[in-house]
Amino acid sequence: MLEQLLAGALEDAKARRERRSYAQVEADALQRPPALDALEALAPADHMKVIAEVKRASPSRGDLAEILEPQALAAQYEAGGASAVSVLTEGRRFKGSLADLEAVRKAVSIPVLRKDFIGEEYQVLEARASGADLVLLIVAALPQETLVRLHAMIRELGMTPLVEAHTAEEVARAVDLGAQLVGVNARNLSTFELDRELFGRVADQIPAGVIRVAESAVLDVTDVERYREAGADAVLVGEALVTNDPIATLASYLSV
């Protein structure tokens, strides 16, 4: 599944590049105002930080919410106390777009993450050109050489890489990379099965000073409490927010 998602994302990026050249998107990226400091926004605090996600659908759950105005939802997230907003820009299975990212960027003053299947420099430039402050890099999707190269490029553009791991080995690769923001996703992107205990097993591998983000398997406040006890500084949540009252749900999470 992960291979298919990455291949589709790269194919779609190639189609966009035919309409908007690498040079054009690079120029647009360099003209953007500086990216917001996501590490400061997500720094450990006396409560759980939340990266709230604009998420219409997923391969594992199908359609979740229509979300006609992603900017309005993102504004609710910010008003509710989210530290950052994640925007899915993959169109085939998650029904997102770069237009969603651009709309959200205009609507909020907190960092915005481009969440997609990133495998080449053009996509990184698109993220910055559309106003992203963070870019997701999935360790399982990339050879280490590519991971190193894209991680460096994201930082050179002033953005923050969120390096996502799904196994202990991938956490080690993220640490070797020098990642300052490491996400541990309980959902295996090859099988889409959930491992609710994964974060607790690998959290100790993430060095002090690195921000730890727990991803997936968050349905209610008890899941957030479990992640907090295991050492998470932040949780990335989509489904639970788009299928419930986002303000009330955020309030319960931020109380942890």
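Structure's up top.
For the structure given in this document, a descriptive report is provided here. None of the values given here were measured: they were computed from a predicted structure.

**Remarks on the pattern of salt bridges**
Pairing is possible between side chains of opposite charge, provided their charged atoms come close.
(1) Moving on: Taken as a whole and assessed by the stated rule, the structure comprises 16 salt bridges.
(2) Moving on: Arg 16 is paired through a salt bridge with Glu 126; the nearest N and O atoms lie 2.5 Å apart. Here the residue Arg 16 occupies a position in helix H1 (residues 2-19), and Glu 126 occupies one in helix H6 (residues 121-129), the gap between them amounting to 110 residues.
(3) Moving on: With its nearest N and O atoms 3.1 Å apart, the salt bridge here joins Lys 115 to Glu 53. In this pair, Lys 115 is assigned in strand S5 (residues 112-115) and Glu 53 in strand S1 (residues 49-54), connecting sequence segments 62 residues apart. Residues Lys 115 and Glu 53 agree in their burial class; the two are buried.
(4) Moving on: Taken together, the shared-partner salt bridges connect Arg 16, Arg 114, Asp 116 and Glu 126 into one network.

**Quick word on unusual backbone geometry**
(1) Moving on: Phi at Ile 67 is positive, roughly 50°, even though this residue is not glycine.
(2) Moving on: Residue classification places Ile 67 among the buried residues on the basis of a relative accessible area of 13%.
(3) Moving on: The phi dihedral of Lys 95 is positive, around 60°, even though this residue is not glycine.
(4) Moving on: Positionally, Lys 95 belongs in the loop between strand S4 (84-88) and helix H5 (98-107).

The rules behind each value
Residues numbered from 1 in each chain as written. Predicted model: local features only at pLDDT ≥ 70, side-chain atom pairs only at ≥ 80, totals over all residues. Heavy atoms only, no water. Salt bridge = Lys/Arg side-chain N within 4 Å of Asp/Glu carboxyl O. Helix = DSSP H or I, 4+ residues; strand = E, 2+ residues; numbered from the N terminus. Buried < 20%, exposed > 50% of the residue type's maximum accessible area, 1.4 Å probe, protein only.

Keep in mind these numbers describe shape, not what the thing actually does.
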